[in-house]
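Residue-level structural notes
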Amino acid sequence: MKIAILSNGPGNYSTKRLKEEAVSRGHEVDIIKYKNCYVSIEENDNKVFYNGEPLGHYDAIIPRIANSMTKYGTTIVRQLEMQGVYSTAKSIAIVRARDKLRSMQLLAKYGVDIPKTVVSRNNSDIDDLLEQLGGTPIIIKLARGTHGNGVVLAETKKAAKSVLQAFYVMDADGTNILLQEFIKESAGTDIRVFVVGGRVVASMQRQSLTDDFRSNLHQGGMGIPIKLTDIEKKTAIRSARAMGLGIAGVDIMRSNRGPLVLEVNASPGFGIEKVTGRNVAVKIIEYAELNAKQKPKRDRVGA
Ligand SMILES: Nc1ncnc2c1ncn2[C@@H]1O[C@H](COP(=O)(O)OP(=O)(O)O)[C@@H](O)[C@H]1O
Ligand SMILES: [Mg+2]
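What this report covers is the structure whose coordinates are included nearby.

About the criteria used
Residues numbered from 1 in each chain as written. Chains lettered and ligands numbered in written order. Predicted model: local features only at pLDDT ≥ 70, side-chain atom pairs only at ≥ 80, totals over all residues. Near = placed C-beta within 6 Å. Helix = DSSP H or I, 4+ residues; strand = E, 2+ residues; numbered from the N terminus. Domains from an automatic or database assignment. Pairing = 2+ DSSP bridges. Buried ≥ 20, exposed ≤ 12 C-beta atoms within 10 Å, placed from the backbone.

**Here's the deal with the site of ligand 1**
Near ligand 1 lie 22 residues; those nearest to it are P115, I139, I183, R214 and S215. Elements with a minimum of two residues in the shell around ligand 1: β9 (138–146), β10 (149–154), β11 (177–181) and β16 (258–265). The leading source of residues in the shell around ligand 1 is β9, at 4 residues. No fewer than three residues from each of domain 2 (116–182) and domain 3 (185–292) sit in the shell around ligand 1.

Put into structure tokens, the structure is as follows:
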């Protein structure tokens, strides 16, 4: 097959690993920096240009869209989908995953357990919201935050109110701010489950090495391999399906009432390969091989 990896970082570990595995399985691979693509839109003639030339034909694309370029990246992916190119991640599913509020709504609708979450655009609701969450401490989260940036622990009502007031000034619409029950019993640790094609291919626990409640590797967290329970596996697989993602990094917290999903990542990092010794890249290439040949499936999520 001819495969394009849409990545702005040809030197990224994930990009290199995907290319390596695809080449070793006999595919022709190009790395396309989507930031250097543009689209031309005309009736019945939509095209993607790369470095000024029309992009050639690919049997499959593997999008690795950076968080900071979600809109631009998904525009390019959408355009290629419209031209009939198979993508291992649908543009709509990437957009869903990049919005934690939309993700929580979808996961809850599909019966996935999540930390209790409330959203409002009104300052005057703060007392009610805190009550709904069973009081402080609470987590306040930006819907489009990533790598642990934009997640705040408010330990007292006073702190929660002042953080929220500051956030509401920046986001009058309110939909970028989530208030969440604080999962105290597993603070500082969570589980990353890598799902490909309805199967768990690797999993690790991430542990904060300081007193930080965030376990993101970008915040200095450490990963160790972990064995999942059946219910954790099912939760991860169901979450990926709820989001319409064939390839997903599902973040789960072990709570007193079972696994709770924090978020589903559409371009999950490959650090998990180093932690677990699992070959995640080859699973993705096999997934692309299998699906590029099939008729396009309709996205059934509907939101
Ligand atoms: N409701 C919560 N209760 C306790 N810890 C949380 C909660 N939500 C997030 N965290 C911690 O903060 C980290 C980052 O939160 P997450 O929602 O995954 O955002 P990001 O996209 O920034 O990774 C999580 O990995 C977890 O360690
Ligand atoms: Mg996370």
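**Some points on the pairing of strand β4 (residues 45–50)**
Relative to β4, strand β3 (residues 37–42) is paired through 6 bridges, and the arrangement is antiparallel. Across the sheet, V39 pairs through a bridge with V48, a residue of β4. Count of turn residues in the β3/β4 antiparallel hairpin: 2 residues, of which N44 carries a positive phi of about 55 degrees. Pairing of β4 with strand β5 (residues 53–54) involves 2 bridges; the strand directions are antiparallel. Note that in β5 the partner of F49 across the bridge is P54. Joining the antiparallel neighbours β4 and β5 is a turn of 2 residues, in which N51 adopts a positive phi near 50 degrees.

**Quick word on unusual backbone geometry**
The amide bond that connects T136 to the next residue, P137, takes the cis arrangement and shows omega of -5 degrees. Looking at where P137 falls in the secondary structure, it is placed in the loop between α5 (126–132) and β9. Phi angles above zero are rare outside glycine, and N44 is one such case at about 55 degrees. Within the secondary structure, N44 is located in the loop between β3 and β4. Looking at N44, the number of C-beta atoms within 10 Å reads 4, which means it is exposed. Located in the positive-phi region is N51, a residue other than glycine, with phi close to 50 degrees.

Read these as layout, nothing more, since geometry by itself doesn't imply function.
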